[in-house]
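# Structural description and commentary
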Amino acid sequence: MSDDLATRDARALPDRSPAPASMDLARRNTVVIWVLIVSAFVVILNETVMGVAIPHLMTDLGITAVAAQWLTTAFLLTMAVVIPVTGFLLQRFHTRPLFITAMALFSAGTLIAALAPGFEVLLVARVIQAGGTAIMFPLLITTVMQLEPPATRGRRMGSISVVIAVAPAIGPTISGLILSAFSWRFMFVFVLPIAVAVLAVGWRLMRNVTEPRDAPIDLLSVALSAVGFGGVVFGLSRAGESAAGGVSASSVAAITVGALGVGLFIWRQLVLQRIDDALLDLRTFRVPTFAVSVGMFVVLMMSLFGALILLPLFMQGVLGLSVLQSGLILLPGGLAMGLLAPLIGRAYDRIGPRPLLVPGAVIVAAVLWTLSTILGPDTPWWQVVAAHVAFSIGLALMFTPLFTASLGSLPPRLYSHGSATVSALQQVAAAAGTALFISTMAAVTIAQVGAGADESAALASGIRAALLIGAVLATVAIAGAFFIRKPDVEPSTLPAGH
């Protein structure tokens, strides 16, 4: 009788074991997300590898510094033109074909670059690579937001922060290591088998995890986004290339045309979003957490890319270190950021964004203020290492909370638009930071040399002045950190399946 009672009690208890279908779905989602994370890391790493290769390219291809810089400018320009269209692509097409298209474009561009007989073909290859890169990052962000439940988004975004911040940070280090022993072609030769392997694995494992809808595309919006974002990035990039510290007429014209294009693009989206036909829905900015987070993210990207440009210039031009040595000095900071990102993601899930953002913003501002005062010809290299590690820790404390809180505050139907917006502004911020910091550095350096200062001392003064601007911007970001809060989790805002 006791056995019968036990049997009845067992039948009365609910079955708390996970359903097999639910476990299979979770396993599929995890595989899809990790394939996208690895793929995005590979393609975004490629974004910053060309900077230290410019002297080698000038010698081997017989081109000027301005022409060589176009290999980076064209990459950023293509990204700025393609990314606004990804909001439409992510709504219109399945995950798997978009992934295959992105990785196939990147792999094809890498192969062409490795075999390029001259500058023109190499430039085309960089444009093809950028087309794949522009699709991959918004695809990753949107997919994670749709598949990952809010309770664990911070942990997952911590992994994505490795892609966002660490990949660009260690790109120059990897380039320096390769160029110390091989020609510039091997920057692509080493990447090609990795890209092809990722494409093959994704071809096998990637699944369609989204539900496309018959989203229309407004060709006028595409044209305006190309003129607007492309013009702004082109103008800022050309201004950043100026060695004389001034801004050329062509840069001013490009920025003016680009700003006009962006203005018309915004007006067009405001009209189209009334009927849900916008290429890039700007109602994302009606969400305060998203708007403030994006503003802070722009400041961070300007600081990150500005530091990635200025610190190698300081180490090579003032301290007299080699390309490889300066790359190795920046490596500990990149590694620290990568190791901390997953831990910070877990902390976000427990305590929310503000306890992480405020100290992170203070650290970033403090490091930039310190560097703007101590850098000079007699600065020990270890102080640069320590400052860069602290700077990287501050950025790590901010990237994951900003991404998770900003996109998590949006309703699911705006995820693709939010990720495309963040990705587009990342390119604009990178170009703006480079232009602002380099133009300031060049202007102050020229003025110091004209006043009779030694060249290395003048360059150090220019770098300090540029970092001072970064310090002011980072200080403003401290105030913004107090306005970011963890999004409320409502049943209506949860992705399907959660």
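Conventions we followed
- Residues numbered from 1 in each chain as written.
- Predicted model: local features only at pLDDT ≥ 70, side-chain atom pairs only at ≥ 80, totals over all residues.
- Heavy atoms only, no water.
- Helix = DSSP H or I, 4+ residues; strand = E, 2+ residues; numbered from the N terminus.
- Buried < 20%, exposed > 50% of the residue type's maximum accessible area, 1.4 Å probe, protein only.
- Contact = heavy atoms within 4.5 Å.
- Areas by Shrake-Rupley, 256 points an atom, 1.4 Å probe, with all protein chains shown as cover.
- Core = buried A, V, L, I, M, F, W, Y, C linked by side-chain atoms within 4.5 Å.
- Salt bridge = Lys/Arg side-chain N within 4 Å of Asp/Glu carboxyl O.
- Phe/Tyr/Trp six-rings, centres within 6.5 Å; stacked < 30°, edge-to-face > 60°.
- Lys NZ or Arg CZ within 6 Å of the ring centre and 35° of its normal.
- Patch = residues over 30% accessible without salt bridge, like charges linked within 9 Å, V, L, I, M, F, W, Y side chains within 5 Å.
- Expected span 1.5 Å × (residues − 1).
- Axes fitted to C-alpha atoms, helices over the stretch in contact; angles between N-to-C directions.
- Parallel < 35°, antiparallel > 145°, perpendicular 65-115°, else oblique.
- Left-handed = near helix turned anticlockwise from the far one by under 90°.
- Nonpolar A, V, L, I, M, F, W, Y, C, P; charged D, E, K, R; others polar.
- Polar contact = N/O pair within 3.5 Å; in protein donor to acceptor, adjacent residues only side chain to side chain.
- Bend = angle between axes of the 7 residues up to and from the residue.
- pLDDT = per-residue confidence, 0-100.

### Points about the overall build of the protein chain
- Scanning the protein chain from N- to C-terminus turns up 17 helices and zero strands.
- When the 498 residues of the protein chain are sorted by exposure, 56% land in the buried category.
- Summarising the internal contacts of the protein chain: among those between residues at least 6 apart in sequence, 85% fall at separations of at least 24.
- With an accessible surface of roughly 20100 Å², the protein chain has 69% of that area assigned to carbon and sulfur atoms.

### Looking at the nonpolar core
- Counting residues in hydrophobic clusters, the biggest one holds 129 residues, and the most contacted among them are Phe-99, Met-103 and Phe-403.
- Among the elements that line this core, the one with the most residues is helix α12 (residues 288–317), at 16 residues.
- Those residues within four positions of Met-103 in sequence are excluded, and the remaining contacts are Ser-39, Val-43, Met-136, Ala-195, Val-198 and Leu-199.
- Among the nonpolar cores identified, the runner-up in size contains 21 residues, and Ala-53, Leu-57, Ala-113 and Trp-184 belong to it.

### Considering the side chain of Thr-400
- Looking at where Thr-400 falls in the secondary structure, it is placed in helix α15 (residues 381–408).
- Accessibility expressed as a relative area gives 0% for Thr-400, which makes it buried.
- Dropping the residues within four chain positions of it, Thr-400 is found in contact with Gly-154, Met-157, Gly-158, Ser-161, Ala-341, Ile-344 and Gly-345.

### What to know about the pattern of salt bridges
- Taken as a whole and assessed by the stated rule, the structure comprises one salt bridge.
- For the salt bridge of Arg-283 with Asp-281, the shortest nitrogen-to-oxygen distance reads 2.7 Å.
- Overall, the relative accessible area of 5% leaves Asp-281 in the buried class.

### Structural notes on the packing of aromatic side chains
- All chains considered together, the criterion is met by eight aromatic pairs.
- Looking at Arg-96, its charged tip hangs above the ring of Trp-203, at a distance of 5.5 Å from the centre.

### Describing a nonpolar patch on the surface
- On the surface, Trp-369, Leu-468, Val-472 and Val-476 cluster together to form a nonpolar patch covering roughly 360 Å² of accessible area.
- At three residues, helix α17 (residues 455–481) tops the list of elements feeding residues into the nonpolar patch.
- Among the residues examined, Trp-369 registers a relative accessible area of 37% and is labelled partly exposed.

### Things to note about helix α11 (residues 249–272)
- The end-to-end C-alpha distance of α11 is 34 Å, a good match for the 34 Å that 24 residues give at a rise of 1.5 Å each.
- The set of residues buried in α11 consists of Ser-251, Ala-254, Gly-258, Gly-261, Val-262, Phe-265, Arg-268, Gln-269 and Leu-272.

### Regarding the packing of helix α5 (residues 95–115) against helix α9 (residues 191–205)
- The geometry of α5 relative to α9 is characterised by a closest axis approach of 9 Å and an angle of 160° between their N-to-C directions. If you check the angle between α5 and α9, you find them roughly antiparallel. For α5 against α9, the interelement crossing comes out left-handed. Only Val-191, Leu-192, Ala-195, Val-196, Val-198, Leu-199, Gly-202 and Trp-203 of α9 make contact with α5, whose side of the interface consists of Arg-96, Phe-99, Ile-100, Met-103, Ala-104, Phe-106, Ser-107, Thr-110 and Leu-111.
- A class-by-class count of the residues in the contact of α5 with α9 yields 13 nonpolar, three polar and one charged.

### Brief notes about the environment of Thr-142
- When you line up the elements, Thr-142 lands in helix α6 (residues 119–147).
- Among the residues examined, Thr-142 registers a relative accessible area of 4% and is labelled buried.
- Sequence spacing of Thr-142 and Leu-90 is 52 residues, and the spatial spacing of their C-alpha atoms is 8.0 Å.
- Beyond its immediate sequence surroundings of up to four residues, Thr-142 is in contact with Leu-90, Tyr-415, Ser-416 and Ser-419.

### Let's talk about the side chain of Gln-129
- Assignment of secondary structure puts Gln-129 in helix α6.
- A distance of 2.9 Å separates polar atoms of two side chains, one belonging to Gln-129 and the other to Thr-110.
- At 3.3 Å, the side chain of Gln-129 forms a polar contact with the side chain of Arg-126.
- Excluding residues that lie within four positions of it along the chain, Gln-129 makes contacts with Asn-46, Phe-75, Leu-105, Phe-106, Gly-109, Thr-110 and Phe-188.

### Describing the packing of helix α16 (residues 415–450) against α17
- Remark: α16 packs on α17, axes separated minimally by 7 Å, with the N-to-C direction vectors making an angle of 145°. Along this stretch, α16 crosses α17, giving a crossing that reads as right-handed. For the pair formed by α16 and α17, the contact residues are Leu-436, Phe-437, Thr-440, Met-441, Val-444, Thr-445, Gln-448 and Val-449 on the first element and Ala-458, Leu-459, Ser-461, Gly-462, Ile-463, Ala-465, Ala-466, Ile-469, Gly-470 and Leu-473 on the second.
- Here the residues of the contact of α16 with α17 sort into 12 nonpolar, six polar and no charged.

### Remarks on the environment of Ile-112
- As for its placement among the helices and strands, Ile-112 is situated in helix α5.
- On the basis of relative accessibility, which here comes to 31%, the residue Ile-112 falls in the partly exposed class.
- In the structure, Ile-112 is positioned 14 residues away from Arg-126 in sequence and 8.8 Å away in space, judged by C-alpha atoms.
- Those residues within four positions of Ile-112 in sequence are excluded, and the remaining contacts are Val-121, Ala-125 and Ile-128.

### Some details on the environment of Ser-39
- Topologically, Ser-39 is positioned in helix α2 (residues 20–45).
- Once you skip the residues sitting within four places of it in the chain, Ser-39 turns out to touch Phe-99, Met-103, Met-136 and Val-198.
- A polar contact is formed between the side chain of Ser-39 and the backbone oxygen of Val-35, at a distance of 2.7 Å.

### Here we look at helix α13 (residues 323–351)
- With 29 residues, α13 extends 41 Å from end C-alpha to end C-alpha; this agrees with the ideal 42 Å at 1.5 Å per step.
- Bending of α13 peaks at approximately 35° at the position of Ala-341, with proline Pro-342 no more than four residues after it.
- Positive phi shows up at Gly-352, right after α13, with a value of about 85°.

### Looking at the confidence of the model for the protein chain
- Mean pLDDT over the protein chain works out to 79, with 88% of the residues at or above the 70 mark.
- In this model, residues 5–19 is a region of pLDDT below 50 whose contacts with residues beyond four sequence positions or in other chains number one contact.
- In the predicted structure, residues 490–498 sits below a pLDDT of 50 and forms 15 contacts with residues beyond four places in sequence or in another chain.

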